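# Inside the fold
Spelled out, the chains give:
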Amino acid sequence: MGIKAGGQWSTLLASDATYTPIPGGLIGVYFPLLATARIELQPELLLSYQGCDVQRSDEDPSRLRMLYVHLPLCAKVFLTNEVNLQGGTQAGRRILARTDQEQVTDRFRPYDAGFIAGLGIDLRSGLDFSARYFGGTTPVLTETTGVNPRHRLLQIT
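Attention in this report is confined to the structure presented alongside it. In this text the structure is predicted, and so the values were computed from the model without any measurement.

### Overview of the overall build of the protein chain
Within the protein chain one finds zero helices and nine strands. Secondary structure elements in the protein chain, listed N-terminal to C-terminal, are β-β-β-β-β-β-β-β-β. A compact globule built from 157 residues should have a C-alpha radius of gyration of about 15 Å, and the protein chain, at 17 Å, falls within 12% of that. Judged by the C-alpha coordinates and their principal axes, the protein chain covers about 55 × 25 × 20 Å. Burial statistics for the protein chain: of 157 residues in total, 39% are counted as buried.

Quick look at the structure:
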């Protein structure tokens, strides 16, 4: 079992507005489970503070901040004793969402899912470093607009 903490750049991806990445953070726990000599499964429980800057032609620019609980399940394939490739799935539960001016939690779907991919270094000292990308596959808005945004995260832990 280990503790995971780090920073991330987060944004939404859709063609109906300009979404600019902003910094955020994450913290949580992980449980490495040895599958074979070169493969490890790693379930995690993370609290993620994410969001983006939003610019729409009909509204003033605003900053969107969201808090999620994420449950990634990552498979790690070790290329050497320390270096590994990571891939898997991630599900999330939105806790809150707000802009600069108001609480907007009800505008966002409660659940999110997608895929993760990355590169990691697991040192013998017990420290693990990783860079991981999350691409959301589920729309995040409750209203269907035809170009419903999906989450994009780049995490360094």
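### Here's the deal with the nonpolar core
Grouped together as the largest cluster of nonpolar side chains are 13 residues, with contacts concentrated most on Leu 12, Tyr 19, Cys 52, Leu 64, Met 66 and Phe 108. When residues of this core are traced back to their parent elements, those giving at least two are strand S4 (39-55) and strand S5 (62-78). Take this core: its biggest share by element is three residues, from S5. Once you skip the residues sitting within four places of it in the chain, Leu 12 turns out to touch Tyr 19, Cys 52, Leu 64, Met 66, Val 140, Pro 149, Arg 150 and His 151.

### Concerning the layout of surface pockets
Taken as a whole, the largest pocket spans an internal volume of roughly 470 Å³. Considering the residues around the largest pocket, the lining is formed by 21 residues, among which Arg 56, Glu 59, Arg 107, Phe 108 and Leu 141 are closest to the centre. Considering only residue class, the lining of the largest pocket consists of nine nonpolar, five polar and seven charged. By volume, the second largest pocket amounts to about 150 Å³. What lines the second largest pocket is a set of 15 residues, and nearest its centre among them are Ile 3, Lys 4, Tyr 30, Asp 128 and Phe 129. Going through the elements one at a time, strand S1 (2-13) and strand S8 (128-136) are the ones with two or more residues in the lining of the second largest pocket. The biggest single contributor to the lining of the second largest pocket is S8, with four residues.

### Some words on the pattern of salt bridges
Enumeration according to the criterion identifies six salt bridges in this entry. With a closest N to O distance of 2.9 Å, Glu 44 and Lys 4 form a salt bridge. With Glu 44 in strand S4 and Lys 4 in strand S1, this residue pair connects regions lying 40 residues apart in the sequence. A salt bridge links Lys 76 to Asp 122; the shortest N-O distance between them is 2.7 Å. Of the two residues, Lys 76 is situated in strand S5 and Asp 122 in strand S7 (residues 111-122); the sequence distance between them amounts to 46 residues. With relative accessibility at 1%, the residue Lys 76 sits in the buried group.

### Some thoughts on the environment of Ala 117
Inspection of the secondary structure assignment puts Ala 117 in strand S7. You can call Ala 117 partly exposed: its relative accessible area is 42%. A C-alpha to C-alpha distance of 12 Å links Ala 117 and Ile 156, two positions 39 residues apart in sequence. Every residue in contact with Ala 117, bar those within four places of it in the chain, is listed here: Gln 86, Gly 87, Ala 131, Arg 132 and Tyr 133.

What counts, and where the lines are drawn
- In this numbering scheme, every chain counts its residues from 1 along its sequence in written order.
- Per-residue local features are limited, in this predicted model, to residues with pLDDT of at least 70; the limit for side-chain atom pairs, both in listing and counting, is 80 or more; totals at the level of whole chains, interfaces and linings are taken over all residues.
- Excluded from the side-chain calculations are hydrogens and water; all other atoms, namely the structure's heavy atoms, are used.
- By definition, any uninterrupted DSSP run of H or I lasting at least four residues is a helix, any uninterrupted run of E lasting at least two residues is a strand, and each is numbered from the N terminus.
- What the globule rule says is 2.2 Å times the number of residues to the power 0.38, and the radius of gyration is computed from C-alpha atoms.
- Three exposure classes are used, based on accessible area relative to the maximum for each residue type with a 1.4 Å probe and protein chains only: buried under 20%, partly exposed in between, and exposed over 50%.
- We call a set of buried residues a nonpolar core when its members are Ala, Val, Leu, Ile, Met, Phe, Trp, Tyr or Cys and they connect through side-chain atoms within 4.5 Å of each other.
- In this analysis, two residues are considered to be in contact whenever any of their non-hydrogen atoms come within 4.5 Å of each other.
- A cavity here means a set of 1 Å grid points, computed over protein atoms only, where a 1.4 Å probe fits but cannot escape. A pocket is an open set with protein on both sides within 12 Å along at least 5 of 7 lines, and lining residues have an atom within 4 Å of a point.
- Grid points are joined across faces, edges and corners, and a volume is the space filled by probe spheres set on the points.
- Gly counts as polar in this scheme, as do all residues outside two lists: the nonpolar Ala, Val, Leu, Ile, Met, Phe, Trp, Tyr, Cys and Pro, and the charged Asp, Glu, Lys and Arg.
- By definition here, a salt bridge exists when the distance from a side-chain nitrogen of Lys or Arg to a carboxyl oxygen of Asp or Glu is within 4 Å.

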